[in-house]
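Residue strings, one per chain:
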Amino acid sequence: MSLFLITGGLGYIGSHTCVSLMSHGNDVLVVDSLVNSKKSNLKKIKKAVEFSKKGRAGKLFFYEGDLRDQVLLDLIFEKQIVLNQPIEAVIHFAGLKSVEESVSEPLKYWEVNINSTLNLLSTMKKFNCSTLVFSSSATIYRPLKDQKLFEDSFKYPINPYGNTKLTIERILEDVFASNKDFWKIINLRYFNPVGAHSSGILGEDQKGRAINLFPVLEDVVNGKLDKVLIFGNDWPTEDGTCIRDFIHIMDLSEAHFAALKFLKKNDPQFNSINIGTGKGCSVLEIIKIYSKINKIPIPYEFAKRRKGDAPYLVADNRLAIKLLEWKPLNNIEDICIDSFRFLRSKFK
């Protein structure tokens with residue numbers, strides 16, 4: 001049975017990916033600082049695995065800690081060798097992720113995201129762990145009106161968060177070039193992960209003020225907010241609101257499992273792959289679909305454009321479908337239904 005290290009594994013994407021990996025029978029070791037996540041997700045992950053397992057489920061282990069603590073990382077890798085269950089591969093989620101916050105606090109984002117990655121890579125090299133899936137982002141691309149983004153599309157992030165992601169990709173490329181017979185690395189460039197596990201047990205439950213669209217929608221439904229603010233109605237799109245490629249969180253999570261399988265059976269390589277649906281949906285459309293399918297009114301109001309936003313971000317996902325033998329299975333209605341189910345579960 002394989003053991004995978006998941007950094008930031010109690011966060012939104014990390015926790016759902018743990019469910020996917022464990023449901024396929026793999027053991028998972030999570031390292032998380034709990035800065036942007038909750039320890040209670042450990043129990044939720046286990047419950048979600050019980051709900052969706054496909055046979056024998058994997059085990060879950062946890063260390064609370066910061067990747068900037070090199071001593072801790074070394075101890076974790078060393079301990080697993082002593083236990084005769086070495087870490088086979090790493091999925092690297094850990095890092096700060098708010099576009100809005102990165103604009104106001106760029107130094108914080110550079111310090112945390114870059115140094116965490118450098119420490120992780122040093123420890124992996126030291127303990128002969130060569131397989132890495134990196135949690136990258138579509139924010140590294142220069143947005144183009146009405147055009148899907150390919151893996152070789154022009155890279156020009158418009159916010160510090162995106163800059164850190166692109167910088168890490170370049171670090172990884174340099175690391176791979178230093179020993180092309182050793183490293184197996186894939187950057188998964190996410191578009192817009194949304195939704196929740198179909199059990200309603202696990203979903204996006206971030207700390208602090210809701211910033212992303214679906215947590216904001218949920219805060220309106222539960223009465224924490226009066227309305228959804230849509231940042232701009234004068235973007236160059238059909239209804240004037242930003243268009244995004246919204247992908248169900250479980251489809252994204254399964255893409256990580258597919259990436260690990262691909263790396264395991266293939267020779268050392270460095271690759272970058274878009275993970276999205278290939279279909280765009282505007283913010284206004286999402287609000288209307290969520291309201292209609294869940295039979296609940298969603299008040300909204302237009303506000304000024306937000307710094308760091310782009311009008312159109314949609315993936316060309318053909319490389320993922322070809323290489324990873326993966327494809328998204330859920331549509332936007334599934335996303336809205338699962339998101340609402342998770343919201344209702346919190347009030348039971």
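Described in the following lines is the structure provided in the data block. (Residues numbered from 1 in each chain as written. Predicted model: local features only at pLDDT ≥ 70, side-chain atom pairs only at ≥ 80, totals over all residues. Heavy atoms only, no water.)

**Some remarks on the pairing of strand S11 (residues 269–275)**
Counted only if it meets this: We call a residue buried when its accessible area falls under 20% of the maximum for its residue type, exposed when it is over 50%, and partly exposed in between, using a 1.4 Å probe and counting protein chains only. Here a strand is any run of E in DSSP of at least two residues, a helix any run of H or I of at least four, and the numbering for each starts at the N terminus. Two strands are said to pair when DSSP picks up at least two bridges between them.
Across the 7 residues that make up S11, a large majority, 6, are buried. Direction of pairing for strand S6 (residues 184–190) relative to S11: parallel, over a ladder of 7 bridges. Looking at S11, one finds that Ile185 is bridged to Phe270.

**Quick notes on the sheet that holds strand S4 (residues 89–92)**
Put simply, the rule is: Between N-to-C directions, angles span 0 to 180 degrees; the directions come from axes that are lines fitted to C-alpha atoms, helices contributing only their stretch in contact. Residue contacts follow a heavy-atom distance rule, with two residues in contact if any of their heavy atoms lie within 4.5 Å.
Strand order in the open sheet made by the 7 strands is S3-S2-S1-S4-S5-S6-S11, with parallel pairing throughout. Taken across any chain shown, the strands that pair with only one partner, and hence form the sheet edges, are strand S3 (60–64) and S11. Going from strand to strand, the sheet's axes swing by 20° on average, the running direction of each strand aside. Sheet strands in contact with helix H6 (residues 160–178) are strand S5 (131–137), S6 and S11, and its direction is about 155° off that of S5.

**Overview of the packing of aromatic side chains**
Applicable threshold: When the centres of two rings from Phe, Tyr and Trp lie within 6.5 Å, Trp using its six-membered ring, the rings pair. Their planes under 30 degrees apart give stacked, over 60 give edge-to-face, and anything left gives tilted.
Scanning the model with the defined rule gives 9 aromatic pairs in all. Members of the aromatic cluster, each reached through a chain of ring pairs, are Phe214, Phe246, Tyr290 and Phe340.

**Here we look at the sheet that holds strand S12 (residues 281–282)**
In space, the 3 strands of this open sheet follow the order S12-S9-S14, with mixed pairing throughout. Each having just a single partner strand, S12 and strand S14 (312–313) make up the two edges of the open sheet. Sheet topology places strand S9 (residues 243–244) next to S14; 2 bridges connect them, and they run parallel. When the bridges of S14 are listed, Arg244 appears paired with Leu313.

**Some points on the state of the cysteines**
For clarity, the threshold we go by: Working definition: a disulfide is two cysteine sulfur atoms within 2.5 Å of each other.
In the structure shown here, the tally under the stated rule is 0 disulfides. For Cys242, which is in no disulfide, the shortest distance to another cysteine sulfur is to Cys281 and amounts to 12 Å. By relative accessible area, Cys242 is classed as buried at 7%. In this structure Cys336 is not part of a disulfide, and its nearest cysteine sulfur, from Cys281, lies 7.8 Å away.

**Considering the environment of Val221**
Tracing the sequence through the fold places Val221 in helix H7 (residues 213–221). Spatially, the C-alpha atoms of Val221 and Ile6 are 32 Å apart, while their sequence positions differ by 215 residues.

**Quick notes on the pattern of salt bridges**
Definition in use: By definition here, a salt bridge exists when the distance from a side-chain nitrogen of Lys or Arg to a carboxyl oxygen of Asp or Glu is within 4 Å.
Applying the stated criterion to the full structure yields 12 salt bridges. Between Asp66 and Arg68 there is a salt bridge; the shortest N-O distance is 2.8 Å. Assessed through its relative accessible area of 25%, Asp66 is described here as partly exposed. The class of Arg68 is partly exposed, set by a relative accessible area of 36%. Where Arg305 meets Asp234, a salt bridge forms, and the shortest distance between an N and an O atom there is 3.1 Å. Residue Arg305 is found in the loop between strand S13 (300–303) and S14, and its partner Asp234 is found in the loop between strand S8 (228–231) and S9; the two are separated by 71 residues along the sequence.

**What about unusual backbone geometry?**
Only a minority of non-glycine residues have a phi that is not negative, and only a minority of peptide bonds are not trans. Even without being a glycine, Asn128 presents a positive backbone phi close to 65°. For Asn128, a relative accessible area of 59% puts it in the exposed group. Phi at Lys295 is positive, roughly 55°, even though this residue is not glycine. With respect to the element layout, Lys295 can be found in the loop between helix H9 (283–293) and S13. A relative accessible area of 74% means that Lys295 is categorised as exposed.

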